[in-house]
Structures are given as C-alpha cells and as structure tokens.
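Summary of the model geometry
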Amino acid sequence: MLWYILPSLALGWGLGANDSANVFGPSVANGIVPYRWAIIIAAIFIVIGSVLGGAAGLQTIGSLSSGSLFEAAISILGGAISVAIMTYFGLPVSTSQAVVGGIVGIGLLKGSVNWAVLLKIVICWVTTPLGAMGIGFLLYKIVAPWFSRIKSLKLQDRIITAAAWFIGAYGAFALGANNVANVTGALVGKLLNVQQAALIGGLSIAIGTLTFSKRVMLTVGKRIIELDHFSSLISIFAESITVWVYSIIGVPVSTSQAVVGGVLGAGLARGTSLANRGMLYRIFFGWIGTPVIAGLVALGLYLVF
Amino acid sequence: MIFIGKKEEKIINKFKEHLQTVGKTLDAFEEFMRAYLDDNCEEADKCCEKVMNLESEADALRRETETLMYSGAFLPNFRGDLLGLIEAVDRIADRAETVVRIVSLQQPDIPKEIREDMKRQVKLSVETFKELKASVEYMFEDMDKAGVYIKRTEEKEHEEDTIEWDMMKKLFSLDIDRAQKLEIKEIITLIGDVADLAEDASDRVEITILKRRV
C-alpha cells in the first residue's frame, strides 16, 4: 500500500520546493522576511490550509476518474515525472495541470474520465490568471490611496513588513488548501479518506518547502520584485485570494499563473503594462502543453507496468 | 506608535545627531570665514580648529550610524538609500573643512571688493544645508513636508549659484594679478560646492520619497 503513496509524497515534495516561492519569494529575496522564518511559517500554514480547506479540491480530483488505485498512483507518478523533466528543461510547468493531465491520460485509455468534472477544472484554469488580474487591479485601487496617505516613512516600512508576514502566511494557507488535491487527490476514495489525504498531502508539501525551496524562492522572488514592495505584496495577496477562492470551489489551480495575473493586475492599476508575449505563451503552454505531456508520460508508464 | 521599532528609533536618532554635527561644522565654517574676511586671525585660528574637530566627530558618527544600519532595521532597500544619504551629507562637512584648510594654509589676499559678497555666499551655502537638514529630518515623519524643504534647498542653491557667478565676474574684472584671481576663484568654487553638495543630498531625499509613491 505504501508504494501507492510514494509518487504522491514525491510530487508533494516537489510542489512545496517550487510553489512556496509564489507566496514568500519576493519578501525573502528582498530581505523583508528571513528565509528560515519564511519556510517555517509557510510549512505550518500549508498544513493548516490542507487540513482545514483542502477537502473540496480533494473530492474533485478524487472524482475526476473512476479508475483503480493502481491507475491513480501511476497518474500521479506520471505528473511528478513530467514536472521533474519539464523543470529540468526549463519549461513552464504547473503541478495542477500535470496531475490532471496524468489522470486524464490514463482515463482516456480506460474510458473512465468524468468529463463534467474535467470541464469545470479547465474553466477554472483559464479563469485563474484573469481572476487574479482583476483582484490585483481592484486591491491596488482600493489599498493604494489609503497607503499613500501614510506620511511617515517609518510607519510605511512597518506596515510593509507586517503585511509581508500576514500575506505570506495567508498565501501558504491558500496554497495548502488548493494544491493538496494535486498531491493526494487521486487517491481519495481509493486508498485514503479526505482527512488522511489532506494531512499526508499537506505534510509532504510542507517538507518540500522546508528542505528545498531556497533557490526557487530567490529566482522567482527577484523576478516579481521588479515591482516595488507595495505592488509585489498586492500581487501576492491577489494570487492568494484567487487560489483560496478556487480551493473553496474545489479546483486545484496554478499558483504561478495566479501570481502572473496578480502582477499584471497591480501593474495595470499603477498604469504600467507588464504583459509580454513570453508571459502569455507560458500561460497557454500551461493549459495545453503540460497536461498533454503529463498525459503521455502517464500513459507510457501505465503501458510499461 | 506601536509600529515603530527600537532599532529604527536608534538609527534615526544617530542620523539626526550626525546632521546636527554637520550643521555645527558648517556654523563654525561660517564663523571662520567671517573672522578671516574681517582680518581677525586669532578668531579664525580658533574656528579652524573647531571645524576640524567637528568634522572628525561627524565622521565617527557616520561610521556608527552605518554599522547600526546593517543590524536589520528598516527595509533592506531603504538601508541602501539611507547609507547613500548619510555619505552625501558627510561630504558637505568634508568640503567645508577643505575650504577652511586651504584658506588657513594659503592665507589668500581677498580683495576688499568681494569680501562682503563672499560672506553672503558662505551664508547662503550654510542656509542651503539648513534647508536640506530640515528635509532629512522630516523625511522619517512626514514625507510631504520633506518635499517642501527639498524645494527650498533647490531655491537656496540657485540663489548661491547666482551670487557665485556675479563674484566671478567681479573678480576677473579687478586689476589684480592673474595668479591671485585663480587662487580666489578656487575658493569661491569650493564654497559653492558646499551648496551644490547639499542640493545633491536633497536629490537623494527626493528619490527616496519618490520610490515610495504608490
């Protein structure tokens, strides 16, 4: 039985190592929050998020395919391997899209795909960056006038610091609640119940964050802090709210795409267009390329085993 | 003000202490120039020593503040701004000291025709610094008010520039030795630098504030 959980643990570890950068990256890269504290807070809130808010997403992914436990484990393995290969080649990759691709890849062969659920998931993928963009725009418009009324430089600094901790913790909570379904969702109803899946998935993401997130955090962080402190925090807050909303709806989405949306929204509100062709290409590739590759890898694995 | 940390307070206090000391250096610099231009050598010597002592005091304070700054107060990118600013402010005291040293060493013969103008030029340079000082002090508490003083620094510097140019014209129209003209020209330029450097520092204050606009 343990063998069936192993791919999930590996995937969770990779997810934690990669995606915690989307919540604490900028704050760590520009030195507002020390790395060590960032990963501790992130790990704690990821587990809390998974356990308290992960149920809906876990059920969605659990119901995406009616296949066997073996098929579920191979799907996750396919997703995990795809993420590893694509990361190695520097391709944009989202765990959410890879796992769904893996499940659907094998599901197509077996005719066990629940198309209604898949449609709901894909709609959510497309609306993730758009939603985050809208939220980022609105948040900026609402909070900026208030923030610019603070005349004291000291007070501004303090507020930015406090907000970095709060938004980071909230983002980690949302990350856990939303993305835990990628890790153990496929095993729900086959090997694990929802509570077990939430706890095991959450812990594996937390361990990934604690052990291997530094490099990604610094690279992603530096990319986002091209913006000023205020705008980068607004972007992350927008990403966190978006991802959290989708965790309530019950669909795991890409935090990386959400953060891109947040950055674009905040930028737009500031009056600068930060969108470029590369960014759009990466998002489209996430919707189509990632699930196709993961589906093929999972299918290949299934046929080999 | 529960949001304000102790480290920040400590740094701000040190920063202000440094500003005060640079201010005192400039006051002594003005006293020195007045005494020298009034041919009061004894008083000038006293002021010369005062300027040097105050300048090294300012240097020591700058180093202390810089060390404190890297203990983790304020946001990291702001630390860089502050560091640049304190260096810029310190350069003003350095330049005042240079003027005092050169005048003490060379004992230039300053023509009567431009002595009063020179006193005014020195006064304006010191006043330019005072506007800068106010802008730095307000920067921490009230960025809008700091902006007002940045503008005033620019105005004072412009005033100083005008008088500096007039003095140059007057100097070169005098019937004196060319070497003497060049010697005095250097002093006029150096006094002008005090105002210029104060304006440079105020530009840094301005950029720091602009960076925070959302």
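Just above, that's the structure.
Report follows, based on the coordinates.

Criteria and thresholds
Residues numbered from 1 in each chain as written. Chains lettered and ligands numbered in written order. Predicted model: local features only at pLDDT ≥ 70, side-chain atom pairs only at ≥ 80, totals over all residues. Heavy atoms only, no water. 1 Å grid on protein atoms, 1.4 Å probe; cavity = no way out; pocket = protein on both sides within 12 Å on 5 of 7 lines; lining within 4 Å. Points joined across faces, edges and corners; volume = space filled by probe spheres on them. Nonpolar A, V, L, I, M, F, W, Y, C, P; charged D, E, K, R; others polar. Helix = DSSP H or I, 4+ residues; strand = E, 2+ residues; numbered from the N terminus. Buried < 20%, exposed > 50% of the residue type's maximum accessible area, 1.4 Å probe, protein only. Contact = heavy atoms within 4.5 Å. Buried area = accessible area lost by both parts, 1.4 Å probe. Salt bridge = Lys/Arg side-chain N within 4 Å of Asp/Glu carboxyl O. Polar contact = N/O pair within 3.5 Å; in protein donor to acceptor, adjacent residues only side chain to side chain.

With that settled, consider empty space enclosed by the protein. All names here are of chain A. Following the criterion strictly, the structure yields 2 cavities of 30 Å³ or more and no others. Counted as a void, the largest cavity has a volume near 80 Å³. Around the largest cavity, the lining is made up of 14 residues, and of these Ser-65, Glu-71, Ala-72, Ser-75 and Ile-103 lie nearest the centre. Class assignment for the residues of the lining of the largest cavity results in 5 nonpolar, 7 polar and 2 charged. Every residue along the wall of the second largest cavity is listed here: Pro-26, Ser-27, Asn-30, Ile-32, Ile-160, His-229, Ser-232 and Leu-233. Those elements that provide at least two residues to the lining of the second largest cavity are helix H2 (21–29) and helix H11 (229–249). It is H11 that contributes the most residues to the lining of the second largest cavity, 3 residues altogether. Taken together, the residues of the lining of the second largest cavity break down into 4 nonpolar, 4 polar and no charged.

A few words on helix H4 (residues 55–62) of chain A. Listed as buried for H4 of chain A are Gly-57, Leu-58, Thr-60, Ile-61 and Gly-62 of chain A. Where H4 of chain A is buried, its residues meet helix H6 (95–110), helix H7 (115–148), helix H8 (153–184), helix H9 (194–212) and H11 of chain A.

Attention shifts here to the interface of chain A and chain B. With 22 residues of chain A in contact, the opposing surface of chain B contributes 21 residues. Counting the surface lost from both chain A and chain B, the interface buries some 1900 Å², and carbon and sulfur atoms represent 60% of this. By the criterion of area lost to chain B, the three top residues of chain A are Lys-151, Leu-153 and Lys-154 of chain A, representing 38% of everything that side buries. Salt-bridge contacts for Lys-151 of chain A lead to Asp-144 of chain B; the nearest nitrogen and oxygen are separated by 3.0 Å. Inspection of the chain A/chain B interface yields 12 residue pairs in polar contact (both at pLDDT 80 or more). Listing elements by their share of the side of chain A that touches chain B, those giving two or more residues are H7, H8 and H11 of chain A. With 8 residues, H8 of chain A is the single largest residue contributor to the side of chain A that touches chain B.

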